[in-house]
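Coordinates in review
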Amino acid sequence: MTDPEPYPGASIGLPESGPRSLASILARVAALIGDWAASMVVAIAIFGWEVMTGSGWRSFMILAVYFVQASLLTALTGGSFGQLIARIGLVRLDGQPLGWWRPFAKTALKCLVIPTLVIGAERRTLPDLLLGTVVVNRR
């Protein structure tokens, strides 16, 4: 029988607290709510109120704005708008830079919803497990 890990993130080499420690589920959910709210405001400003009530292509504009915002900001800063506000971010487990394709792939998988609902060990979602990333605290 193996001993349980002393704290979340220990098995993947993260510190118990402080910068680069594992982000909480609450911080991740708050960041997602912030991202979605900001995307709604931008989509309404660009495409009009029909993004909330209409059908057709306009009904997908909030998701499109979210995808662009989250992908670009994560590639450039290591976190989406909501993640930056919540002081969390995405890093690779091997310590290398994220690059451009990982943020776009992670956001695309997040937009599909179901892979994001599959949460494995150390609070890592299926996209995190596939891409070798983890969401950590910045502070």
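Since the model is a prediction, treat every value here as computed from it, not as a measurement.

1. Description of the pattern of salt bridges
Evaluated as defined, the whole model comprises four salt bridges. Ionic pairing is found between R28 and D128, a salt bridge with its closest N-O pair at 3.2 Å. On the criterion of sequence distance, the pair formed by R28 in helix 1 (residues 25-47) and D128 in helix 7 (residues 126-131) is long-range, its members being 100 residues apart. Accessibility classification places R28 together with D128 in one group, the buried group. Its salt-bridge partner being D94, residue R92 comes within 2.7 Å of it at the nearest N-O pair. One continuous salt-bridge network, built from bridges that share partners, spans R28, K106 and D128.

2. Thoughts on the environment of T133
Within the fold, T133 resides in strand 2 (residues 133-137). Remark: the alpha-carbon pair of T133 and G99, spanning 34 residues in sequence, is separated by 12 Å. Those residues within four positions of T133 in sequence are excluded, and the remaining contacts are L90, V91, R92, L93, L98, R102, K106, R124, P127 and D128. Among the polar contacts listed, one links the side chain of T133 to the side chain of D128, at a separation of 2.8 Å.

3. Considerations on the side chain of E122
Topologically, E122 is positioned in the loop between helix 6 (114-117) and helix 7. One buried charge, E122, has no salt-bridge partner; the nearest side chain with opposite charge is R123, at 6.8 Å.

What counts, and at which threshold
Residues numbered from 1 in each chain as written. Predicted model: local features only at pLDDT ≥ 70, side-chain atom pairs only at ≥ 80, totals over all residues. Heavy atoms only, no water. Salt bridge = Lys/Arg side-chain N within 4 Å of Asp/Glu carboxyl O. Helix = DSSP H or I, 4+ residues; strand = E, 2+ residues; numbered from the N terminus. Buried < 20%, exposed > 50% of the residue type's maximum accessible area, 1.4 Å probe, protein only. Contact = heavy atoms within 4.5 Å. Polar contact = N/O pair within 3.5 Å; in protein donor to acceptor, adjacent residues only side chain to side chain. Lys, Arg positive; Asp, Glu negative; His and termini not counted.

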